[in-house]
Every structure is written in structure tokens, then in C-alpha cells.
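What the coordinates show
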Amino acid sequence: MNLCEISASQMRELLDAKKVSAQELAKAHLERIHRLDPTVRAFLKVCDEIALKQAGAAQERIMQGETNPLLGIPFALKDNMVTQGIETTCASKILEGWKPPYDSTVALRLAQHGAVLLGKTNLDEFAMGSSTEFSGFFPTRNPWDLARVPGGSSGGSAAAVAAGMAPIAFGSDTGGSVRQPAALCGVVGMKPTYGRVSRFGLIAFSSSLDQIGPFARNVRDAIWAYEASAGVDPNDSTMQDAPYDSQIAHRPAKAPKIGVPEQVMNEKIQPEVRALMQNAIKSLSDAGAVIEQVSLPMIEHGVSTYYIIAPAEASSNLARYDGVRYGLRIEAESASEMMRRVREAGFGKEVKERIIIGTYVLSSGYYDAFYTKAHKARTLMKTQFREMFSRYDALLLPTSPTTAFKIGEFAGDPMALKIADYCTIPANLGGFPAISINAGYSGGLPVGLQLVCDSFCEQTLFSIALLAESVLGAPKMPELVT
Amino acid sequence: MSFTLEDLKTVSNLARLDLSDEELAQMVGNLNKVLESFRGLQQLDLSGIEITAHSVDTHSVWREDEPRNGLSRAEALSAAPASHAGLFLVPRIIE
């Protein structure tokens, strides 16, 4: 048995039965990272020493009879979640070398659960992108085909889980940045309801859309990871103390009622992806699900709405990078010249473009034409989805319109790449929980199926995902690693 | 609605970005394509629709106004590119 290719749930059994130690698990994963990651490049930083120290502490807790799902389980963290004393860069040159003086709530909670931090994963700079090509350092490669992107922005976390370099990883999802890379890498990726997981210590991109979510190789592991990270935190005042029923979450749903929007089963979606959705719909129906086609016209306006709101919030959030308190500094005669030089040298092209778009749509004279309109469109999107959730337990959509594309394929076409988020953006605009699971393979590349539920209905989402996983079969490992 | 080089210079000044001529030229084209993609949204009938700034209901969070520890001064200054006498040091501000 290869310790890096089993699920976190299987690792748990081995740890509890004392058949393997947390140190052995950590060492096996670190060895695999050092062997595979020079090729995949999922990690910006590997924390060998910290991982072995945390594994030792976890093993002591296990020996004292303690058990909880993530105790001694290795995991990876997207490098936009701050970790005290461990370099956190957001894949940006502007933060290169920065060691945060505090921990994000998610990092802290996982440490309290006894999970073992393997390292910090690559992303599109400041999480702005859908391919991890816009990392300020290097692109990550898809373990299924090294010439292709892993998706993004949490591409490093997705690739790490797909390649068996970590059983669990965390990413952040602003417009699909957990679900889309999960789909393109053939793993499970989940975005909780806005307000379920603390954003304290998540480096802000678009504060009304950002949400932290887990990657895993099966739904059960994703539920464990979600449960360890969720729950109110006084440091994030946008959180909600809504009920969640873990028992329902862990039981596969029986006869759920599911709607499939016609707007995601048209020519915008690759025919091979559509065919796999049809297969999944048939298998789910055979297993007792009631599936009907529905219409959600606002889906068509999701990308435009998102590309006004997200850059607007980003332009404000990224004003803090000014060379004064942390990060890059380039000296100049005056403070304002210093700030200009720092921001010009420190930000990459994609980040600068989004700051410009955001500043423009918020500027006087354009505010109502763009920003106010986008917020009204957001209301319509939410209303249409809520209306569906009064009739259906969940909506089923492809996660990504295509399978993984080639590195550099969309260079020079700013909108082509942004369409990658067509199916995932609505859940962010509405604050709904959503999950992507593997639906099969096309041309040797994974295809993801997405389920979306009403806000704070994570238990329903997980239970339907378990049903879907049981009829679609467990995802495979890419050949690279077998 | 289109985006001119002059607009871009104004906005990049607001955003404190010191874009090179090459970047300016390339960005104008890209930004116009992005603006073009917003056209569908301009045609939506949004009269009488309330705005949504937060996807889920938010409410004010209160706590007792009691002193508690935050970062120490040394911790807050630990990553500062330049500091002096316990303060962040910046170049001349008044020109």
C-alpha cells in the first residue's frame, strides 16, 4: 500500500490502529513532494521541519488515546492564508519574503485539530486567475498532462491533492478558484456558504465573494476538512452562526430533487463535458434522484457582474500594498513616488489590469453605470437561484466549460480565460455552497460535476455529493504518480 | 463607452500605478475588450431592483469594550522595510 495514495479516512484508520505513525505519514508525503514537485510545481514552500515537528506532537496525542478526523493527517495550504513565521507571498513579488506575525484562523484551527502542515501552495497572484499561470513565480502544471494548466487560482492545492502530495488541501474560492481547479485535476473541491469559514488571515481579494474551502480525493475527506475549518470566529464579523447537521452530511441522500439549468447545457460548454453531465444525470436518476431541466437566465450575466464587483473590491483591498508596513520597498525621493515604484515593480500584469478596472468602475461618473448595476444584477442572480431552491434540493452544473487547457493557450485574450468561471461564479455572487466532484474523463483529462445548494445547506450538499460519488465511482490517480 | 489612453493614465494615477508606455498601450486594448463584455449587463432592465452588497444577511457584531492584547509594537514592525524609534519610516511626504 502506498501511504500517499490512500484517502485521509484510510489514513485515520491506520493511525488509530497504530499501524502507521503520523511521522511516517508526514515523511512519506514530504519524500513524494521532493520527488514529484520539481515537475508539478504545486508548492511555493515546503515545510519539512515544521511538518515533522507537528507530526511528532500529533503522534503523542494519538498515543494518549485522542482521536479526531484530522489528527496526524498531512495537509497543504494555499499561500494566501497567513501562517505565523512562515513566508506567505500570495504568489506576488510584492510580498516575497514576508513572514506574517500572526496565524489565519484556518491555519490555527487545523493546528489545533493536529493536522500536519506540509507546505504553502502556488496560486495566481492574489488569487486573480483561473489557471495558476499568473503566479508571480512560476506556473503549476496539471498532474494529468504537464503541458496543461491545473486550473486556478488554487491550482497548487488542487495539483498537490491530485498527485498524492497531500490528501487534503485548502484553497480560496472567489469566482470558482477551488471548484474549477478541482474539476481540472480530478479531485473534490468545495466552496462553503459565505460566512461559514473565517476569512481572518485570508489575504483579501474580493471581500464579499472570498470563501475558504477544502480539496480532497473523496467527498468524505472533504466533509472532514470542511468541518475542521468551519464555525464562527470573533475575528470575522461577516460570519453566521447557522445550524449544520453533520449526521445528515455523512449520509448519502435518497431521492433528491435536482434542477439542471439549460444555460449550462448549451454550446458554451464543450460537447464532451456535456456528454459526461448527461451520463451523470442518467446514473443519478437510476439511483432515485428526480432531475428536471430549469431555466436561470441570469447565469448568462454572471461573468460580467463578477468582473465588475471583484476588481472593484480588489482595487480597494490592494491599496494596502504601499511599501510602508511590509513587503517590497523601492526607495524614492517622496512617499508617493516610493508607492508608485513599489506597486509598479511588485504587482504582475493581471493584478494591475484588475486594479485598473476596479478603480475605473468605482470612479466618479462610472460608478452607477457599472458598480451599482452589477450589484443590482447580483440581486437578480440571487433571487433566481433562491426561487429554484424553493423547488429543488440542489442544482447540477458542469464545474468548468472545458477540460484543462494548454499553458499559454489563452495568452492575449483577456475574456477567453475569464469564461472559465462561467459555471462557478453564480455560487459566489449568491453566497451559496457548492462542490465539484469528478464525473469521468474526456481524452484522458478529468471533468468535474458541480452541485449548488441554498445558503447554509452544506449538509444537503454533502449528502447529495456522496450519492453522486457512489454512482460515478471514485476518481483515479494520474499516471504521473502511479 | 470606451477607454482612452488618457482615461487609463488618470485611473493609473488614482491607483498609484506607474505604468510604462508599453504597458499602457497593451492595457488599453485589453480593457476595451473587458468593457465590451459588460455590454449585456447594460441592457438588463434593473429598474426598481435593490442592490446586493452582501450575499447573506449581515448584522452588526458587538462585544464588550474591554482591553485585550493585539500585536506588540515589535511584532507590528517586524516586517517593516524601514522603521525608526518604533515607527514606520517613509520618505518625505510634504513636497
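Residues numbered from 1 in each chain as written. Chains lettered and ligands numbered in written order. Predicted model: local features only at pLDDT ≥ 70, side-chain atom pairs only at ≥ 80, totals over all residues. Heavy atoms only, no water.

To continue, consider the packing of helix H12 (residues 349-362) of chain A against helix H1 (residues 5-14) of chain B. It is at 9 Å that the axes of H12(A) and H1(B) come closest, and there the two elements cross at 100°. Considering the angle they form, H12(A) stands roughly perpendicular to H1(B). On H1(B), the residues touching Ile356(A), Thr359(A) and Tyr360(A) of H12(A) are Leu8(B), Val11(B), Ser12(B) and Leu14(B). For the contact of H12(A) with H1(B), a count of residues per class yields five nonpolar, two polar and no charged. (Axes fitted to C-alpha atoms, helices over the stretch in contact; angles between N-to-C directions. Helix = DSSP H or I, 4+ residues; strand = E, 2+ residues; numbered from the N terminus. Parallel < 35°, antiparallel > 145°, perpendicular 65-115°, else oblique. Contact = heavy atoms within 4.5 Å. Nonpolar A, V, L, I, M, F, W, Y, C, P; charged D, E, K, R; others polar.)

Residue and element names in this part refer to chain A. Here we have 11 strands laid out as an open sheet, ordered S1-S3-S2-S4-S6-S5-S10-S11-S9-S7-S8, and mixed in their pairing. The open sheet is flanked by strand S1 (43-46) and strand S8 (290-294), the only strands paired with a single partner. Across the sheet, the mean angle separating the axes of adjacent strands is 30° when strand polarity is ignored. Two elements, strand S7 (residues 257-261) and S8, share five bridges in a ladder whose sense is parallel. Among the inter-strand pairings, isoleucine 258 is bridged to a residue of S8, identified as isoleucine 291. (Pairing = 2+ DSSP bridges.)

What follows is about helix H10 (residues 302-317) of chain A. For H10(A), with 16 residues, the first-to-last C-alpha span of 22 Å sits near the 22 Å given by 1.5 Å per residue. Most of H10(A) is tucked away, with 15 of its 16 residues classed as buried. (Expected span 1.5 Å × (residues − 1). Buried < 20%, exposed > 50% of the residue type's maximum accessible area, 1.4 Å probe, protein only.)

Turning next to helix H16 (residues 458-472) of chain A. Residues and elements named next belong to chain A. The terminal C-alpha atoms of H16, which comprises 15 residues, lie 20 Å apart, in line with the 21 Å expected from a rise of 1.5 Å per residue. Counting buried positions along H16 gives 11 out of 15 residues, so the element sits mostly inside the fold. Of the residues making up H16, those classed as buried are Glu458, Gln459, Leu461, Phe462, Ser463, Ile464, Ala465, Leu466, Leu467, Ala468 and Glu469.

Our focus in this paragraph is the interface of chain B and chain A. Facing 56 residues of chain B, the contacting portion of chain A comprises 63 residues. Here chain B and chain A share an interface that buries about 5,300 Å² over both sides, 66% of which is from carbon and sulfur atoms. There are one salt bridge connecting chain B and chain A. Across the pair Lys352(A) and Glu23(B) runs a salt bridge, and its minimum N-O distance is 2.7 Å. Joining chain B to chain A, the criterion identifies 17 residue pairs in polar contact (both at pLDDT 80 or more). Every element with two or more residues in the side of chain B that touches chain A is listed here: H1, helix H2 (21-37) and helix H3 (39-42) of chain B. The greatest single-element share of the side of chain B that touches chain A, amounting to nine residues, is contributed by H2(B). For the side of chain B that touches chain A, a count of residues per class yields 31 nonpolar, 15 polar and 10 charged. (Buried area = accessible area lost by both parts, 1.4 Å probe. Salt bridge = Lys/Arg side-chain N within 4 Å of Asp/Glu carboxyl O. Polar contact = N/O pair within 3.5 Å; in protein donor to acceptor, adjacent residues only side chain to side chain.)

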